[in-house]
Amino acid sequence: MTANDKSLLSQMIKRGRFNNDIYELLVKQNAINAKVMIKKMGSKWCCHPDNAVKRLDVPLPLLSDLRVSKILKARK
């Protein structure tokens, strides 16, 4: 979609000429724009596989009561 097409669409919408065909065109264009931006962002995109949560094979142990009590005593 060129800049002229976008300008014509915005003019039509401002003048109340919004219909289902324009809506479907905008939805398709937004999907295309999103795919282009995701590709452009690469691994900076928050949902990129590189940014997925990394799970440990063995979970870390929970804080024991002893460690918690030392922290609480230090604050008093």
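The model shown is predicted, which means the values in this text are computed figures rather than measured ones.

Considerations on helix 2 (residues 20-41)
Working step 1: A rise of 1.5 Å per residue sets the reference length of helix 2, with its 22 residues, at 32 Å; its end C-alpha atoms lie 31 Å apart and thus fit the reference within 8%.
Working step 2: The backbone nitrogen of Asp21 has a side-chain oxygen 3.2 Å away, supplied by the residue at the start of helix 2, namely Asn19.

Brief notes about the packing of helix 1 (residues 3-14) against helix 2
Working step 1: Relative orientation of the contacting elements helix 1 and helix 2 amounts to 140°, with a least axis distance of 12 Å. Judged by the inter-axis angle, helix 1 sits oblique to helix 2. Crossing hand, helix 1 versus helix 2: left-handed. The residues of helix 2 that touch helix 1, namely those facing Leu9, Met12 and Ile13, are Ile22, Leu25 and Leu26.
Working step 2: Considered class by class, the residues forming the contact of helix 1 with helix 2 number 6 nonpolar, no polar and no charged.

Structural notes on the environment of Asn19
Working step 1: With respect to the helices and strands, the residue Asn19 is situated in the loop between helix 1 and helix 2.
Working step 2: In this structure the side chain of Asn19 is engaged in a polar contact, spanning 3.0 Å, whose partner is the backbone nitrogen of Ile22.

Describing a nonpolar patch on the surface
Working step 1: Together, Ile13, Phe18, Tyr23 and Val27 give the surface a local cluster of nonpolar side chains, amounting to about 360 Å² of exposed area.
Working step 2: The class of Ile13 is partly exposed, set by a relative accessible area of 34%.

Reading the values: the criteria
- Residues numbered from 1 in each chain as written.
- Predicted model: local features only at pLDDT ≥ 70, side-chain atom pairs only at ≥ 80, totals over all residues.
- Heavy atoms only, no water.
- Helix = DSSP H or I, 4+ residues; strand = E, 2+ residues; numbered from the N terminus.
- Expected span 1.5 Å × (residues − 1).
- Polar contact = N/O pair within 3.5 Å; in protein donor to acceptor, adjacent residues only side chain to side chain.
- Axes fitted to C-alpha atoms, helices over the stretch in contact; angles between N-to-C directions.
- Parallel < 35°, antiparallel > 145°, perpendicular 65-115°, else oblique.
- Left-handed = near helix turned anticlockwise from the far one by under 90°.
- Contact = heavy atoms within 4.5 Å.
- Nonpolar A, V, L, I, M, F, W, Y, C, P; charged D, E, K, R; others polar.
- Patch = residues over 30% accessible without salt bridge, like charges linked within 9 Å, V, L, I, M, F, W, Y side chains within 5 Å.
- Areas by Shrake-Rupley, 256 points an atom, 1.4 Å probe, with all protein chains shown as cover.
- Salt bridge = Lys/Arg side-chain N within 4 Å of Asp/Glu carboxyl O.
- Buried < 20%, exposed > 50% of the residue type's maximum accessible area, 1.4 Å probe, protein only.

Structural measurements only, silent on function.
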